[in-house]
Amino acid sequence: MLIEEFIEKSRNMYIYHVFFDEKKLNIFDKIALKHKNFYSKNIYEIGENDYWDFLFVEADDASKEKLKTILGLFQKHKPLCSYIFAENTDNIFLLKFALHFGISDVLPINKKEHLLATLFPKNANKIDEKLPKEVSVQEIKDGKFPILDTFDFIEILKDKLAQDVFGSQKLSLITIDIENFEKLNKAYGPEKIYDWLKNFTKRLETFKNSTNFFTRWNSKLFVFLCEDIEFEEIKEQTQYIHQELIESDINGLIAPVITSYSILLDGQDLNTTIQIIEKIDAKRIDGNNFKKNHFFAISYLDNITDENEKILHLLKNSFSNKSPIKLLNIYKGLCINTNSEVLKITNNGCVVKCETLQGYSMQIEGETVLQTLNYKKDIKATVVHVDIKKSLAILSNLKFLSASANNRQHTRVQTNIRTPILIKHQRTSLQGEIIDISINSIAIKLSFFPKEHLLGSLVKLYFSLPDDSIEEGVATMEIDVIITHVLNFNEGAKVVTMLQKLEKPYDEYLLRYMYSRQKELILEVKKATKIL
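This section reports on the structure supplied with the text. (Residues numbered from 1 in each chain as written. Predicted model: local features only at pLDDT ≥ 70, side-chain atom pairs only at ≥ 80, totals over all residues. Heavy atoms only, no water.)

**Things to note about the sheet that holds strand β5 (residues 105–108)**
As summarised here, the arrangement of the five strands in space is β2-β1-β3-β4-β5, forming an open sheet in which the pairing is parallel. Where the open sheet ends on each side, the last strands, each with one partner, are β2 (38–42) and β5. Neighbour-to-neighbour, the strand axes of this sheet turn through a mean angle of 20 degrees, independent of strand direction. One ladder, built from six bridges, connects strand β3 (residues 54–60) with strand β4 (residues 81–86); its direction is parallel. Bridge pairing links Phe-54 to Cys-81 in β4. Running over the sheet, helix α3 (residues 64–76) touches β1 (15–19), β3 and β4 and is turned about 170 degrees from β3. (Pairing = 2+ DSSP bridges. Helix = DSSP H or I, 4+ residues; strand = E, 2+ residues; numbered from the N terminus. Axes fitted to C-alpha atoms, helices over the stretch in contact; angles between N-to-C directions. Contact = heavy atoms within 4.5 Å.)

The following block contains the structure:
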């Protein structure tokens, strides 16, 4: 086997050349220039995410200490094929090490390029059996070979698209994207993920039929090319594959976050098709760029219709992945939103971690809102119990909210004392009191409200706010607002007003009050939590 042949056949595999502090061999430079996945690294700088199929190791004097360090590489991830270069190839410890770990060859540290030139012909059979099997044209035509190398897949894609200039052959793509692949890789390490991916790929191979061509585009993206199948059938096939894969967990713990796509290639050329696949890989694909019924996507939760099952799936993923969630509560108008995590799944809810301030506000409200990173809907929950000392809370009765719980733009606060307010519009005057206030809106409680008369109107508000920075100790406010929302109830009405551009000094008065009141509320919560 020539070097060029090795480079071509191993183009989608990872080759590592490692050394102790100082690189002595430059014979790999030719491979490094031509191979996209070749890495040359100091052995002490190998990281958690480094992964290799072929391993070339400079062992220097092959001392026990260095062999122990090399052993760490093999324990981290055993390569498919490995070579050790040493100053003394007769070193008894080195030979025992090579025998035990099935090293392909032990070679002298030699800077002459001919060493590499003889390496591949000498070990052609050993190397070739580790490389991807070449696919014959007949195997491809007969559909006998289940998974294609990406290069061969692109060649077939190129030919099929050239034959389908007018979109008459109904070419489609089905892609399976493992969105949380990096998290899985960090959580379990490359070796375990490598084994899991092999099993995952084998499962995908079973979904291939005689008219499909299938490839693993990269570590996390799999692609089927389908021909002469109606797009409705392609969508059904995608749904079926997606449903079969969402429970493909690792060791019964972490389920992959899978998003599946179907795309009808309506006369697309090769470059555009490859760009579509790359956009899917980069999570930049959008159905708006396709004609109607040419694009279909399923997120990892879209196929679960039962709300409770969907919430349970979200909680399980957060618990297994140790992925953070957020808890949201409103204490006297103040938004308290902190990071948390799911500590345990219970029969009808979960146990979550909570910070002191959050725990106190959860106790006061008797409920909270969970916000996950992977799903657009917030989850409302009843607070069963809070243990502030242990920083945990027990939640139950989890339900999706129809709208985001914190979709308001600015933090609100309740006043610490009853604050009267007057609404004036032409000859109409309404007396009420402030419920809460922010830098862009004020909510007001009234004994009644003539909705048909003032909703949507520009009105003036008159009220006072405490302000220690001015001599009187009180800032008198006179501001313009628009009444945007009204909620009538038995005891009166709640009116929400949107502030217009505040003139000086009213903008300064309001900002100063908001800042001061927020500090008071935070201090109030902190004092209360110390008593508990």
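**Looking at the sheet that holds strand β18 (residues 420–425)**
Sheet strands pair by backbone hydrogen bonding; their relative direction is either parallel or antiparallel. Spatially, the six strands close up into a barrel ordered β18-β19-β20-β23-β22-β21, and their pairing is antiparallel. In this sheet, neighbouring strand axes are inclined to one another by 45 degrees on average, regardless of whether the strands run parallel or antiparallel. The pairing of strand β20 (residues 441–446) with strand β23 (residues 492–499) spans six bridges and is antiparallel. Within the sheet, the bridge partner assigned to Ala-443 lies in β23 and is Val-496.

**A few points about unusual backbone geometry**
Here the amide bond leading from Lys-504 into Pro-505 is cis, since omega sits at 5 degrees, within 30 degrees of zero. Among the secondary structure elements, Pro-505 is positioned in the loop between β23 and α16 (506–531). The phi torsion at Lys-283 lies on the positive side, around 60 degrees, for a residue other than glycine. Secondary-structure assignment places Lys-283 in the loop between α12 (270–281) and β10 (295–298). A positive phi angle is found at Asn-397, which is not glycine, with a value near 55 degrees. Looking at the element boundaries, Asn-397 is found in strand β17 (residues 392–400). Taking relative accessible area as the criterion, Asn-397 reaches 47% and is therefore assigned partly exposed. (Buried < 20%, exposed > 50% of the residue type's maximum accessible area, 1.4 Å probe, protein only.)

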